[in-house]
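# Report on the structure
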Amino acid sequence: SDAVYQFRNKCASLFDTAFPGKEGGVLKAYVMGDKSSISPEVSDIFSASGLSHVLAVSGMHVAVFLACILALLKFLKISKRKQLVISAGAVILFVVFTGASIATVRAGFVSIFAILAKLVFKRSDSKTALAEAAAILCVFNPLVVFDASFMLSFAAALGILLFADGMSETFSFVYARLKPASKIRAIVKAVCDLTAVGLSANIFIIVSNLLIIQSIISYKN
């Protein structure tokens, strides 16, 4: 972990040297999860525009990183099992490198569980993996269930797993009459799928926010 921490500091220094000023601070937050160089002014601008999530390393970063690692290992013609083992280690290092936020830890656990399932020739189940990730976090720190990041991260993931597919089918009427092999249909379908994912996540996030507000009110009373 010390080596990863030192590497993280070196990367931060490189960002500061290559991109001095506000740009470097934003890039460090987006790539490394390091918000220490972001000025209050920039933070307020992102908050006012509803883009604060851009400054946080999330599960999407883990997914993109894992996809890139697997593509690279496949390009190097490394055996399938070695690809899985190396990618699992790479995910762990990435989570530590980016500061191990709850969202990245959650995505890291889910990714590793999926990799382990493939290693033992079993089919992975995303809902089970998500539940196991939450359980492990609660074992190490039971109070994490009261953390807003924990609630929102797991709520968004659960919403996508439960409702995204069904909502995508609901939106199928938008492109149902378009030609099956047309590019326009593919684009419209992709937009509908992304909309379904966003709505599914936001539904559960709203529910989580209501629970957080209720918890705060109950605590004050």
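Note: the structure precedes this text.
What you see is a predicted model, and the numbers here were worked out from it, not measured in a lab. (Residues numbered from 1 in each chain as written. Predicted model: local features only at pLDDT ≥ 70, side-chain atom pairs only at ≥ 80, totals over all residues. Heavy atoms only, no water.)

### Some points on helix α4 (residues 59-75)
- Here α4 is 17 residues long and its end C-alpha atoms lie 24 Å apart, about the 24 Å a rise of 1.5 Å per residue gives.
- Of the positions making up α4, those classed as buried are Gly-59, His-61, Val-62, Leu-66, Ile-69 and Leu-73. Relative to the axis of α4, the buried residues are bounded by an arc of 150° and lie together on one face. Facing away from the buried surface of α4 by more than 90 degrees, the exposed residues are Lys-74 and Phe-75.
- In this fold, the buried residues of α4 make contact with α2 (22-32), α5 (80-97) and α6 (102-119).
- Taken from the residues just after α4, Lys-77 is the one with a positive phi, measuring 60°. (Helix = DSSP H or I, 4+ residues; strand = E, 2+ residues; numbered from the N terminus. Expected span 1.5 Å × (residues − 1). Buried < 20%, exposed > 50% of the residue type's maximum accessible area, 1.4 Å probe, protein only. Arc of directions from axis to C-beta. Contact = heavy atoms within 4.5 Å.)

### A look at unusual backbone geometry
- Phi is positive for Lys-77, close to 60°, though the residue is something other than glycine.
- Mapping Lys-77 onto the fold places it in the loop between α4 and α5.
- Residues other than glycine seldom take positive phi values, yet Ala-100 does so here, at roughly 55°.
- Residue placement: Ala-100 occurs in the loop between α5 and α6.
- We classify Ala-100 as partly exposed; its relative accessible area is 38%.

### Some points on helix α8 (residues 148-170)
- With 23 residues, α8 extends 31 Å from end C-alpha to end C-alpha; this agrees with the ideal 33 Å at 1.5 Å per step.
- Along α8, the largest kink reaches about 50° and is centred on Phe-163.
- All buried positions along α8 are accounted for by Phe-150, Ser-153, Phe-154, Ala-155, Ala-156, Ala-157, Gly-159, Ala-164, Met-167 and Ser-168. (Bend = angle between axes of the 7 residues up to and from the residue.)

### Considerations on the pattern of salt bridges
- Taken as a whole, this structure holds one salt bridge when the rule is applied.
- We note a salt bridge from Lys-189 to Asp-193, for which the minimum N-O separation is 3.0 Å. Here the residue Lys-189 and the residue Asp-193 both occupy positions in helix α9 (residues 183-220), the gap between them amounting to four residues, near one helical turn. (Salt bridge = Lys/Arg side-chain N within 4 Å of Asp/Glu carboxyl O.)

### Overview of the packing of α4 against α6
- Two elements in contact, α4 and α6, have axes separated by 7 Å at closest approach and are oriented at 40°. By the angle between their axes, α4 is oblique relative to α6. Two packed elements cross with a definite hand, and for α4 against α6 that hand is right-handed. In this structure, α4 contributes Gly-59, Val-62 and Leu-66 to the contact, and α6 contributes Ala-103, Thr-104, Ala-107, Gly-108, Ser-111 and Ile-115.
- The class makeup of the residues in the contact of α4 with α6 is five nonpolar, four polar and no charged. (Axes fitted to C-alpha atoms, helices over the stretch in contact; angles between N-to-C directions. Parallel < 35°, antiparallel > 145°, perpendicular 65-115°, else oblique. Left-handed = near helix turned anticlockwise from the far one by under 90°. Nonpolar A, V, L, I, M, F, W, Y, C, P; charged D, E, K, R; others polar.)

### Regarding the packing of α6 against α8
- Viewed as axis vectors pointing N to C, α6 and α8 meet at an angle of 40°, and their least axial separation amounts to 9 Å. Judged on the interaxial angle alone, α8 and α6 are oblique. Like other packed secondary-structure pairs, α6 and α8 cross with a definite hand, here right-handed. Along its contact with α6, which presents Ile-102, Ala-103 and Arg-106, the element α8 presents Ser-149, Phe-150, Ser-153, Phe-154 and Ala-157.
- Looking at the contact of α6 with α8 residue by residue, the classes come out as five nonpolar, two polar and one charged.

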